[in-house]
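Letter by letter, the chains look like this.
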Amino acid sequence: MLQFTHVPQKTPEKRAVGERAADFDEIYRKFDVQSAKLQSSRCSQCGIPFCSIHCPLSNNIPDWLKLTAEGRLEEAYEVASATNTFPEICGRICPQDRLCEGNCVIEKGFESVTIGAVERYITDTAFEQGWVKPIISAKELPYSVGIIGAGPAGLAAAEALRRFGYQVTVYDRHDRVGGLLIYGIPGFKLEKDIVIRRTKWLTDGGVRFELNADIGGKIPFSEIRDKHDAVLVATGVYKPREIAGPGSGLKGIMPALDYLITSNRQGLGDKVPHFESGLLDAKGKKVVVIGGGDTAMDCVRTAVRQGAKSVTCLYRRDKANMPGSLREVANAEDEGVIFEWLAAPEAFLGDETVTGVRATRMHLGLPDASGRQSVDAIAGSSFNVEADLVIKALGFDPEDLPAAFGEPALTVTGWGTLKIDAKSFMTALPGVFAAGDIVRGASLVVWAIRDGRDAAAKIDEFIQVSRGYAQAAE
Ligand SMILES: Cc1cc2nc3c(=O)[nH]c(=O)nc-3n(C[C@H](O)[C@H](O)[C@H](O)COP(=O)(O)OP(=O)(O)OC[C@H]3O[C@@H](n4cnc5c(N)ncnc54)[C@H](O)[C@@H]3O)c2cc1C
Ligand code: SF4
């Protein structure tokens, strides 16, 4: 260990821009065994591991780095999977620069340990070697839990509850398992086989999935509540934030998630009418994406891969203040995306169909009460960007769940997210719990996993008390 003084940081090789922009495969190649060992050996094994503190799952990072450096990969996998349900997914898509790696103490002067890439390597190798064990329940219990939402929060909870022995059914309105892992995040960040492999692992472990099951739509929420001893709501946030202004109703202005779901479905082999008609296909088009988060970055890079003529991203703040991962911004820049920083749309141009966006330059002002700098338009700074497809990626708000579920007693916060008791994860409805984005607002996969695992532990406690049995004693 402590090799950081003379071994430089090396991330897994990135595929060349020309090659990777022509397909939807992941852009990073996997470490080979020597690189994984060498990069792990850079860890300083410091006394207070800030990487672990800043990992939402409190992963025992220095331990699995040391085991990897020593070539004890199966043990490294045991340690990595003890705290994380999907380490290979977090290793690929966590914004490590803001979490574990951003807080590595060798950062100053030496670049951080490549924690995410090693985490991915360990678990991919575990799958290849057959070390990933099936989910085994200590004992089958006669109690059941219904989980609404097959995203990372719901899936992490499902795994933990099966291990406790509960009968678990996960309901999702989509036809595939994974939530944003399958239909939001594109394959160049997370190949779909990785998600499908985990779906099989959960199914083999006894988790039942009911797909095309829109709870609060086709299926009343009360039916799910009556059927199970406890219910977990893990429905994520899906109401797109809208943009007002002249021309905002023109044809060719599309919501980001419609665009990404279409592209992901098409990649999974589905026939999608809006892709076939060209409405949600960027091929040959001048594309403008509005927004600066992960969703916007995924849209610009999807448009590049679909063969857009040009791709421009308009963001009202500057690069330093973007909410998206800086690593993904750098990847987008390499792939030819044009960034118009400090620029916000004023109007959409065109008669029936959009032909361009009129934007105005912005400047950053004084910080407000939250500490974030205000953004103000610069008078007389308008400019036009040509566009045949405009994608709105301004973020998401929660849907109105109390109305959809016909449960006015399901209380929400001022932002519309579900209110839960911080200790028990229970909503205002007894026996109904909530986790993931529907509680936090749009967040990260790693937080959804954390919440799902914690909620499962609380559901177990609740069922033990309400059904009068003791898990530990049996
Ligand atoms: C485009 C995009 C890119 C992102 N990139 C990253 C990234 O790189 N790294 C990262 O860490 N995070 C990223 N995120 C954020 C991350 O995907 C989310 O924080 C995470 O998926 C939240 O997990 P969840 O389980 O709470 O919800 P979701 O993943 O949204 O899953 C919720 C599930 O509930 C289902 N559902 C909703 N309502 C109902 C209903 N009424 N009945 C039945 N089912 C229902 C939905 O169909 C969905 O499958 C990204 C988000 C987006 C939109
Ligand atoms: S889960 Fe995310 S934050 Fe935690 S160690 Fe892995 S990559 Fe880093």
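Model, not experiment: these values are computed from the prediction.

S.K.: Would you take a moment to explain the overall build of the protein chain for this structure?
M.R.: The helix and strand inventory of the protein chain stands at 18 helices and 16 strands. A compact globule built from 474 residues should have a C-alpha radius of gyration of about 23 Å, and the protein chain, at 23 Å, falls within 12% of that. Overall, the protein chain is about 75 × 60 × 50 Å in size when its C-alpha atoms are taken along their principal axes. A total accessible area of about 20,200 Å² is found for the protein chain, and carbon and sulfur atoms account for 54% of it.

S.K.: Can you walk me through the site of ligand 2 in this structure?
M.R.: Taken together, the neighbourhood of ligand 2 is formed by Cys-55, Asn-59, Ile-61, Asn-84, Cys-90, Cys-94, Gln-96, Leu-99, Cys-100, Ile-115, Glu-119 and Val-446. For the shell around ligand 2, the residue count by class is eight nonpolar, three polar and one charged.

S.K.: Which parts of the structure should I look at to understand the nonpolar core?
M.R.: When a protein is soluble and globular, its nonpolar side chains tend to lie buried together. Ranked by internal contacts, the top residues of the largest apolar core, which has 83 residues, are Trp-64, Ile-147 and Tyr-166. In terms of residue count, the dominant contributor to this core is helix H18 (residues 445-466) (eight residues). When residues no more than four places from it in sequence are discounted, the contact partners of Ile-147 are Gly-154, Ala-157, Ala-158, Leu-161, Val-168, Thr-169, Val-170, Tyr-171 and Leu-232. Ala-256, Leu-280, Ala-282 and Val-287 belong to the second-largest nonpolar core, a separate cluster that totals 27 residues.

S.K.: Help me understand a nonpolar patch on the surface in this model?
M.R.: A surface patch of nonpolar side chains, about 360 Å² in accessible area, is lined by Ile-48, Phe-50, Ile-53 and Val-105. Within the secondary structure, Ile-48 is located in the loop between helix H2 (33-40) and helix H3 (50-53).

S.K.: Explain the side chain of Thr-262 here, please?
M.R.: For Thr-262, the position within the fold is in helix H12 (residues 256-267). Using a relative accessible area of 6% as the deciding quantity, one classes Thr-262 as buried. If we skip the residues at most four places from it in the chain, Thr-262 touches Val-272, Phe-275 and Leu-280.

S.K.: Explain the site of ligand 1 here, please?
M.R.: Contacts to ligand 1 come from 33 residues, most closely from Ile-93, Asp-172, Lys-189, Ile-215 and Tyr-238. In the model, an oxygen atom of ligand 1 is placed 3.0 Å from a nitrogen or oxygen of the Ala-153 main chain. Contacts to ligand 1 include Leu-444, whose backbone N or O atom sits 3.3 Å from an oxygen atom. Considered on its own, ligand 1 offers 990 Å² of accessible surface; in the complex 97% of this is hidden by protein. Contributions of two or more residues to the shell around ligand 1 are made by helix H8 (152-164), helix H14 (294-305) and H18. For the shell around ligand 1, the element with the most residues is H14, which contributes three residues. In the shell around ligand 1, the residues fall into 16 nonpolar, ten polar and seven charged.

S.K.: Where do I start with the state of the cysteines in this structure?
M.R.: Disulfide: a covalent bond connecting the sulfur atoms of a pair of cysteines. Taken as a whole, this structure holds zero disulfides when the rule is applied. Not part of a disulfide, Cys-90 finds its nearest cysteine sulfur in Cys-94, a span of 4.2 Å. Under the relative-accessibility criterion, Cys-90 is labelled buried at 2%.

S.K.: Would you take a moment to explain unusual backbone geometry for this structure?
M.R.: Peptide bonds are, in most cases, trans, and in most cases residues other than glycine have a negative phi. Within the chain, Gln-45 stands out as a residue other than glycine whose phi angle is a positive 50°. One non-glycine residue with positive phi stands out, namely Asn-212, at about 55°. By the secondary structure assignment, Asn-212 is in the loop between strand E3 (208-210) and helix H11 (221-227).

S.K.: For this particular structure, what's the right way to read the sheet that holds E3?
M.R.: What holds strands together in a sheet is hydrogen bonding between their backbones, with the strands either parallel or antiparallel. Read across the open sheet, the five strands follow the order E3-E2-E1-E4-E16; overall the sheet is parallel. Since the sheet does not close on itself, it has two edges, and those belong to E3 and strand E16 (432-434), each with one partner. The mean angle between the axes of side-by-side strands here comes to 20°, regardless of whether they run parallel or antiparallel. Where H18 meets the sheet, its contacts fall on strand E1 (144-148), strand E4 (230-233) and E16, and the angle it forms with E4 comes to roughly 160°.

S.K.: Help me understand the environment of Ala-21 in this model?
M.R.: Along the chain, the position of Ala-21 falls in the loop between helix H1 (17-20) and H2. Assessed through its relative accessible area of 18%, Ala-21 is described here as buried. Measuring from C-alpha to C-alpha, the distance between Ala-21 and Asp-175 comes to 28 Å, with 154 residues separating the pair along the chain. Each residue touching Ala-21, except ones within four places of it in the same chain, is listed here: Val-304 and Arg-305.

S.K.: Sorry if this is basic, but what is going on with the pattern of salt bridges here?
M.R.: If the charged atoms of two oppositely charged side chains come close together, the side chains can form a pair. Summed over the entire model, instances satisfying the criterion amount to 41 salt bridges. A salt bridge links Arg-15 to Asp-23; the nearest nitrogen and oxygen atoms lie 2.6 Å apart. The class for Asp-23 is partly exposed, based on a relative accessible area of 21%. Within the structure, one salt-bridge network assembled from shared partners comprises Arg-20, Arg-301, Arg-305, Arg-327, Glu-328 and Glu-335.

S.K.: Can you walk me through the sheet that holds strand E6 (residues 253-255) in this structure?
M.R.: Read across the open sheet, the five strands follow the order E6-E14-E7-E8-E9; overall the sheet is parallel. In this open sheet, the two edge strands, each paired with only one partner strand, are E6 and strand E9 (338-340). Put simply, the sheet's adjacent strands are angled 25° from each other on average, direction ignored. Summarising the sheet, strand E8 (residues 310-314) and E9 pair through three bridges and their orientation is parallel. The partner of Leu-314 across the bridge, within E9, is Glu-340.

S.K.: Before we go on, may I ask you to explain the pairing of E1 in this structure?
M.R.: Side-chain direction in a regular strand flips from residue to residue, so the side chains alternate between the two faces of the sheet. Among the five residues in E1, five count as buried, and that is most of the element. Burial of E1 is two-sided: the residues Ser-144, Gly-146 and Ile-148 facing one way and the residues Val-145 and Ile-147 facing the other way are all buried. Across five bridges, E1 lies against strand E2 (residues 167-171) in parallel orientation. Within E2, the residue paired with Ile-147 across the bridge is Val-170.

S.K.: Which parts of the structure should I look at to understand the pairing of E8?
M.R.: Among the five residues of E8, four are classified as buried, and the element is accordingly described as predominantly covered. Since strand E7 (residues 286-290) and E8 lie parallel, the crossover through H14 that links them has a hand, and here it is right-handed. Read from E8 through helix H15 (residues 326-334) to E9, the crossover connection turns out right-handed.

Criteria and cut-off values
- Residues numbered from 1 in each chain as written.
- Chains lettered and ligands numbered in written order.
- Predicted model: local features only at pLDDT ≥ 70, side-chain atom pairs only at ≥ 80, totals over all residues.
- Heavy atoms only, no water.
- Helix = DSSP H or I, 4+ residues; strand = E, 2+ residues; numbered from the N terminus.
- Rg over C-alpha atoms; globule rule 2.2 N^0.38 Å.
- Areas by Shrake-Rupley, 256 points an atom, 1.4 Å probe, with all protein chains shown as cover.
- Near = heavy atom within 4 Å.
- Nonpolar A, V, L, I, M, F, W, Y, C, P; charged D, E, K, R; others polar.
- Core = buried A, V, L, I, M, F, W, Y, C linked by side-chain atoms within 4.5 Å.
- Buried < 20%, exposed > 50% of the residue type's maximum accessible area, 1.4 Å probe, protein only.
- Contact = heavy atoms within 4.5 Å.
- Patch = residues over 30% accessible without salt bridge, like charges linked within 9 Å, V, L, I, M, F, W, Y side chains within 5 Å.
- Salt bridge = Lys/Arg side-chain N within 4 Å of Asp/Glu carboxyl O.
- Polar contact = N/O pair within 3.5 Å; in protein donor to acceptor, adjacent residues only side chain to side chain.
- Disulfide = S-S within 2.5 Å.
- Pairing = 2+ DSSP bridges.
- Axes fitted to C-alpha atoms, helices over the stretch in contact; angles between N-to-C directions.
- Right-handed = clockwise from strand over helix to strand, strands pointing away.

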